[in-house]
Amino acid sequence: MKRTLIRLGLSALITSALFGCGGGGSDGVSGTASTPVTVTTTGPGINPAIMTAAQWASMEPIGTINSVTTNGQPVVTFTLTDASGNAIVGLEKVTSQSATAKYPSYPNLGFTIAKLMPASNGSPSRWISYEVFSSPTITADVTVSRPGTENYGVLEAVTGVPGQYKYTFRRDPNLVKQMVGTTAGFADLDDLTYDPSLTHRVGIQFSGAARGTGSNTSSGAASGVDQVVIDKPVNFFYDFIPATGRAVVATDTQREIVSVASCFECHSKFVGFHGGDAVNKLPASRQDTKMCVLCHTDQRKFGRAGLTTIASNGNFSDNPYNSTTGVTTYTKPTYTIDGLSTDNNKSIFDLPLFVHKIHMGEKLTRKGYLAGAVSDGVRMNEVKYPQTITNCVKCHDGTPGAKNQTAQGDNWKTQPSRLACGACHDAVNFETGANHPSPVANGVEHDDSRCANCHNAADISTVYHTTVDPTGSVDRGGYPNPPSGVGNAIALASMVNPPASVYKIAYEIKSVTVDSTTKFPTVEYRIMKNGAAVPLKTATGPLLDNLDGTPSIYVTYGVPQDGVTKVVDWTASLSATVTQFRDAQFNSIGTANYSQSGPDASGYYKATFKSALPTGYAMVYGAVGINYQGFVQLTGYKVNGVDVPIRLRESAFALKAASATDTRRPIVAAANCNNCHGQLGVEPSFHSGARNNPEGCAMGGCHMETKATGHTDGGAWALSEKYMVHGIHGGWKRTIPFTYAASSGEPKGFSDIEYPGVLQNCRQCHLPGSFDFSNAVNANAVQNMLWTTDTALDLRLPPNNSAGVAVNPSGYIGLSPWIKGGDFASNKAAPTVLDRHIVGLGYKDYRIDNAVSSPTASACFGCHDAAKSINHMEQNGGVLVKQISTVTGIPAPVTTGLTSAQIATALTAYRGNLTAANKEACLICHGTGKVADIRVVHGVK
């Protein structure tokens with residue numbers, strides 16, 4: 001998200017007239033105090049007024065609302081402590097008041113109160129905020145505005161209870177409707193009638209800058225010191241019925257749709273808005289969706305004009321979209337949109353619309369959505385969602401026992417509405433019936449009363465919102481399978497939530513062994529279909545009924561290389577399909593075959609490669625799945641009533657070590673990737689969904705350290721997993737765009753990927769102790785890690801096609817700036833900073849004299865590619881994209897007259913010089929407990 005997605009400060013929302021009401025609701029409606037909650041604190045307390053900025057930033061506050069009284073102006077008592085139970089004291093004295101402000105405010109606190117209107121006539125329940133006033137000034141007591149928070153009531157410390165406070169709101173909710181009166185557009189603020197019998201919520205935020213930093217000063221003026229904010233701000237709530245004061249129970253009206261824990265599986269924390277900083281990833285003051293819903297109501301349309309739409313395509317004429325270039329010219333923010341009701345346009349900032357549209361992103365039909373300022377708002381059509389958008393339970397799930405279950409988490413399928421559904425399906429205009437095929441009233445729906453008549457929960461969850469990428473199998477995994485290996489695009493099913501008629505496939509490995517005499521490896525595996533092991537058909541042909549294709553079995557291992565004697569990285573592999581094992585087929589060389597026995601009583605087969613592992617092998621793993629031409633289900637999946645084939649992909653290919661003591665160092669976990677991706681490799685689809693376990697992406701032959709370039713004939717984009725994954729996820733922050741595999745359809749390659757989490761939070765992907773080498777296994781691997789190969793091709797020839805015609809005169813597809821054609825003649829006299837770091841003067845033969853990067857620096861280089869970062873790494877022993885001859889000072893062997901086999905032999909010997917050349921000193925400063933501990937500089941908690 002852009003830096004100013006939403007810019008809502010600690011809005012003041014009351015008047016002196018309300019303050020003067022003392023506590024009486026003038027029409028006699030009253031409330032009752034809630035049952036008190038007691039919180040025990042320890043010690044004399046910690047005082048933010050005298051904390052250092054560092055102490056403030058590292059504080060982990062915990063907030064509890066003790067009681068709420070609503071007989072007039074609401075009074076809320078609450079307690080704040082740190083994670084150790086120490087009371088946070090003195091906040092009543094941390095105030096700011098500008099020369100024009102009527103009341104002092106409490107800059108680190110925000111308070112809000114709202115009511116929940118029950119569902120009616122098929123329409124969903126909705127929050128309505130009473131906080132609809134701007135901050136009162138000495139000249140303007142009452143200014144009606146959009147919902148926000150207030151922090152200029154009266155805050156008092158509770159005597160004798162350190163850390164406990166009493167805050168009195170500046171208004172009586174019962175008077176809000178009267179105060180708004182007939183203000184222009186007042187109807188957009190919804191029904192502000194105070195009804196104490198309804199569910200209400202009080203929300204409090206504790207956040208913001210340390211005293212004396214940013215604008216947290218007594219006058220609210222800038223201090224001249226950069227703001228230092230709490231890294232873990234806290235929002236806390238109390239849901240209650242004002243008429244009785246009791247807390248809300250299951251039988252009361254509630255609206256608990258989303259758990260913020262689901263959001264944080266991708267986002268880590270919310271940054272870049274509400275006081276946050278997108279560039280430095282400073283946290284927003286609002287860190288819980290239970291707080292978001294109190295401001296992001298349909299009331300946000302108050303005072304806002306809608307965009308003008310083009311009747312022919314529904315795009316926005318204010319932000320014209322050029323269908324030829326795919327570029328939108330933004331001139332106006334999107335505040336309201338039509339399509340729901342011609343007399344009541346909905347605010348795009350209403351949370352169901354807002355969040356659905358952001359995540360639908362580039363799949364939205366209308367073009368030109370802009371949430372926020374023209375300069376840096378969120379261009380919703382450009383957002384790339386990291387998994388299948390139809391996986392609704394990723395965000396809201398009411399399934400009993402679900403990890404992030406919420407009480408109304410199943411509303412997405414049980415209570416369809418024009419608001420929620422229309423947010424993503426934005427081509428639909430319910431008012432005219434356009435793009436809404438229906439046998440009733442030609443698709444016209446003026447309200448939500450009939451939605452569930454056609455769209456029942458079963459269809460919504462098992463037909464409309466299944467996790468299928470319609471064309472995701474086109475990437476070398478189409479079907480049928482022509483000799484080229486590139487087939488027609490077919491649908492690709494994720495196992496997260498496939499259609500009910502689609503088989504759920506999985507693979508399991510029981511053991512991996514290597515015969516002590518023959519050195520032949522054996523993988524003991526089974527195939528699971530819909531949760532049960534299935535026997536293979538014994539005759540030649542398809543392995544299973546109604547399934548074409550075959551998964552593969554791999555054995556990957558490492559051998560000493562680059563002068564390293566202790567194997568810590570994979571370097572090679574053996575592979576064959578299950579069909580080859582079943583049929584005992586000969587391998588491609590024709591000198592050995594594959595054999596298989598089984599199944600045993602549990603359905604396991606033993607597949608043996610009759611090829612000996614080489615001398616010095618170590619770190620042997622078996623894997624099942626992986627290949628492009630895995631199972632395709634032939635019938636059962638229908639499109640428009642017709643059976644069509646669909647490719648099936650296990651959730652993550654099976655991977656198992658042959659020995660518990662000879663394993664690869666732990667680095668990442670598939671579950672961590674799938675927190676964001678749902679099922680790795682499926683929409684955004686790559687490798688036809690087959691390469692979907694990050695723990696095995698670096699297998700020998702794939703994204704191993706010595707793998708350079710790839711099928712795009714590019715150069716200097718290392719394909720080692722650590723460089724490539726960092727390069728993709730750090731795309732938007734890099735200096736040099738990561739354009740590997742760029743195409744005419746995606747000319748930017750991976751360079752426009754914006755990571756949804758906090759990029760420096762390495763723990764979001766990495767296992768504990770892996771990224772900082774604090775784990776002993778990882779630490780012991782440092783001196784034995786292989787160098788990353790950036791390019792290993794003969795680039796002396798221009799990028800011509802087979803007929804000798806130049807098809808890409810500007811350079812090889814995917815060629816990075818680190819390897820350039822030409823001689824830089826124009827830059828030699830006055831090279832730029834970037835040129836000084838570019839390797840290569842003209843096309844070269846890199847087959848033996850590879851361009852390489854040193855082991856640790858190559859990982860950091862994926863994100864940190866700015867000139868100053870490169871200088872830092874090189875000055876401390878790192879090597880980035882340099883030829884081996886430059887690194888070692890040893891001339892490369894001459895390749896003239898050598899066969900491919902001879903070149904491979906010469907390369908192996910030549911790379912052995914790299915070990916002695918490794919002078920990396922990274923961990924001297926960045927190791928655990930050192931002066932620039934990587935955990936500290938990355939802010940990893």
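Residues numbered from 1 in each chain as written. Predicted model: local features only at pLDDT ≥ 70, side-chain atom pairs only at ≥ 80, totals over all residues. Heavy atoms only, no water.

**Digging into the overall build of the protein**
- Along the protein, the regular secondary structure elements total 21 helices and 35 strands.
- Sequence-distant contacts in the protein: of pairs separated by 6 or more residues, those separated by 24 or more amount to 68%.
- Looking at the protein as shown, the accessible area adds up to about 39,300 Å², and 55% of this sits on carbon and sulfur atoms. (Helix = DSSP H or I, 4+ residues; strand = E, 2+ residues; numbered from the N terminus. Contact = heavy atoms within 4.5 Å. Areas by Shrake-Rupley, 256 points an atom, 1.4 Å probe, with all protein chains shown as cover.)

**Let's talk about the sheet that holds strand S10 (residues 234-240)**
- The 4 strands lie next to each other as S6-S5-S9-S10, forming an open sheet whose pairing is antiparallel. The strands lining the two open edges of the sheet, one partner per strand, are strand S6 (126-129) and S10. The mean inter-strand angle of the sheet, taken between neighbouring strand axes irrespective of direction, is 30 degrees.
- Sheet analysis places strand S5 (residues 109-117) next to S6, joined by 4 bridges and oriented antiparallel. The partner of Met117 across the bridge, within S6, is Arg126. (Pairing = 2+ DSSP bridges. Axes fitted to C-alpha atoms, helices over the stretch in contact; angles between N-to-C directions.)

**A look at helix H6 (residues 351-360)**
- In terms of residue burial, H6 counts as a mostly covered element, since 8 of its 10 residues are buried.
- Of the positions making up H6, those classed as buried are Leu351, Pro352, Leu353, Phe354, Lys357, Ile358, His359 and Met360.
- In this structure, the buried residues of H6 make contact with helix H4 (260-267), helix H5 (289-295), strand S13 (336-337), strand S14 (346-347), strand S15 (370-371) and helix H8 (418-424).
- Just downstream of H6, Gly361 is the residue with a positive phi angle, here 50 degrees. (Buried < 20%, exposed > 50% of the residue type's maximum accessible area, 1.4 Å probe, protein only.)

**Remarks on the state of the cysteines**
- As enumerated under the stated definition, the model contains 1 disulfide in all.
- In this model Cys266 forms its disulfide with Cys676; the gap between the sulfur atoms is 2.5 Å. One end of the pair, Cys266, is in helix H4; the other, Cys676, is in helix H12 (residues 670-677), and 410 residues separate them in sequence. Taken as a pair, Cys266 and Cys676 share a single burial class, namely buried.
- Among the cysteines around Cys292, which has no disulfide bond, Cys263 carries the closest sulfur, lying 7.6 Å off.
- There is no disulfide at Cys421, and the cysteine sulfur nearest it, in Cys451, is 6.8 Å away. (Disulfide = S-S within 2.5 Å.)

**A word on the sheet that holds strand S32 (residues 654-657)**
- Across the sheet, which stays open at both edges, the 4 strands sit in the order S24-S23-S27-S32 with antiparallel pairing between neighbours. The two strands at the open ends of the sheet, each matched to only one other strand, are strand S24 (572-577) and S32. For this sheet, the mean inter-axis angle between neighbouring strands, taken without regard to orientation, is 15 degrees.
- Across 6 bridges, the pairing between strand S23 (residues 552-558) and strand S27 (residues 618-625) is antiparallel.

**What to know about empty space enclosed by the protein**
- All chains considered together, the criterion is met by 3 cavities of 30 Å³ or more.
- Quantified by volume, the second largest cavity comes out at close to 40 Å³.
- Together, Val559, Pro560, Gln561, Val564, Lys566, Val567, Val568, Asp569, Thr571, Asn784 and Leu786 line the second largest cavity. (1 Å grid on protein atoms, 1.4 Å probe; cavity = no way out; pocket = protein on both sides within 12 Å on 5 of 7 lines; lining within 4 Å. Points joined across faces, edges and corners; volume = space filled by probe spheres on them.)

**Description of the pairing of strand S7 (residues 154-157)**
- With 4 bridges connecting them, S7 and strand S8 (residues 164-168) associate as antiparallel partners. Considered in S8, the bridge of Leu155 is made with Tyr167.
- Between the antiparallel neighbours S7 and S8 lie 6 residues, among them Gly160 with a positive phi of about 80 degrees.

**Side note on the environment of Asn319**
- For Asn319, the position within the fold is in the loop between H5 and strand S11 (321-322).
- Distance from Asn319 to Thr331, taken between C-alpha atoms, is 5.7 Å for residues 12 residues apart in sequence.
- Ignoring anything within four residues of it in the chain, the contact list for Asn319 reads Leu307, Thr328, Thr329, Tyr330, Thr331, Lys332, Thr334, Lys367, Gly368 and Leu370.

**Looking at the pairing of S27**
- Most of S27 is tucked away: 8 of the 8 residues are buried.
- Both S27 and S32 contribute to a ladder of 4 bridges, which runs antiparallel. In the sheet register, Ala623 faces S32, and the bridge partner there is Leu655.

**Description of the confidence of the model for the protein**
- With 86% of its residues at a pLDDT of 70 or more, the protein shows a mean pLDDT of 86.
- Below pLDDT 50 for its whole length, residues 806-812 participates in 17 contacts with residues either more than four positions away or in separate chains.
- For residues 822-841, every residue scores under 50 in pLDDT, and the model assigns this stretch 31 contacts once sequence neighbours within four places are set aside. (pLDDT = per-residue confidence, 0-100.)

**Section: unusual backbone geometry**
- At the junction of Gly598 and Pro599, the peptide bond is cis and its omega measures out at 10 degrees in the coordinates.
- By the element assignment, Pro599 lies in the loop between strand S25 (594-597) and strand S26 (605-609).
- For Asn121, which is not glycine, the phi torsion reads 55 degrees and is therefore positive.
- Tracing the backbone shows Asn121 in the loop between S5 and S6.
- Non-glycine residue Asn442 carries a positive phi angle of around 55 degrees.

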